[in-house]
Amino acid sequence: MRNESVTTARLLLDPLSVAEARRTVARDAGDGDLWAEGYPGDGDVRACTGFLRGVTERGDPGVFRPYAIRLRDGGATIGGIGFHGPPDELGVVTVGYGLVPGARGRGYASEALRGLVGLARRAGASGVKGDADLDNVASHRVMEAAGLLRVAEADGLSHHHLAL
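Right, let's walk through the structure included here. (Residues numbered from 1 in each chain as written. Predicted model: local features only at pLDDT ≥ 70, side-chain atom pairs only at ≥ 80, totals over all residues. Heavy atoms only, no water.)

**A few points about the nonpolar core**
Counting 35 residues, the largest nonpolar core has Y67, I69, I78, I81, F83, L113 and L148 as its most contacted members. Put simply, the parts of the chain that give this core at least two residues each are β2 (11-15), β3 (66-71), β4 (77-83), β5 (92-99), α3 (108-122), β6 (127-133) and α4 (137-145). Here this core gets eight residues from one element, more than from any other, and that element is α3. Not counting chain neighbours up to four residues away, the residues in contact with I81 comprise L13, R65, P66, Y67, I69, G96, Y97, A112, L113 and L116. Among the nonpolar cores identified, the runner-up in size contains six residues, and L16, C48, F51 and A68 belong to it. (Core = buried A, V, L, I, M, F, W, Y, C linked by side-chain atoms within 4.5 Å. Buried < 20%, exposed > 50% of the residue type's maximum accessible area, 1.4 Å probe, protein only. Helix = DSSP H or I, 4+ residues; strand = E, 2+ residues; numbered from the N terminus. Contact = heavy atoms within 4.5 Å.)

Shown next as structure tokens:
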């Protein structure tokens, strides 16, 4: 499966290249990068650092990589979403996401996660999982709006899963 952008009603999820991930980690926008205020956040930097480490250790993960969340109207990068790596031995992928403060509360994260779940399905994953701190109710709602069900609570985290 090719690395292609995922289009939703209001967003583009653009797969990050190694060069884009390096710029994100360095927090150094390149020519043509249109970053909303607050991007990249600490979560974006952590995700891109893990992606770069994975590329070095295992090679390119194909579609199972980080994506920039961009507004279709204007192209500004308002956050990041992606896979923590390729599917595990059961075919399940772990997802993470985050938005700049100015983009929160508009349904963008749920919309982006639904797009990413569709990509995971097309790429052959058997399931999608994610977790969030117990007090991060907004993130629980994002996962539930994208179809992930709460399956457990442990170690201060709420664990969600969706079988594909």
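**Some words on unusual backbone geometry**
The amide bond that connects Y39 to the next residue, P40, takes the cis arrangement and shows omega of -5°. The phi angle at R27 is positive, at roughly 55°, despite the residue not being glycine. Residue placement: R27 occurs in the loop between α1 (18-26) and α2 (42-58).

**A look at the side chain of E111**
Tracing the backbone shows E111 in helix α3. Here E111 falls in the buried class, since its relative accessible area comes to 8%. Those residues in contact with E111, other than ones at most four positions away along the chain, are T8, A9, R10 and L11.

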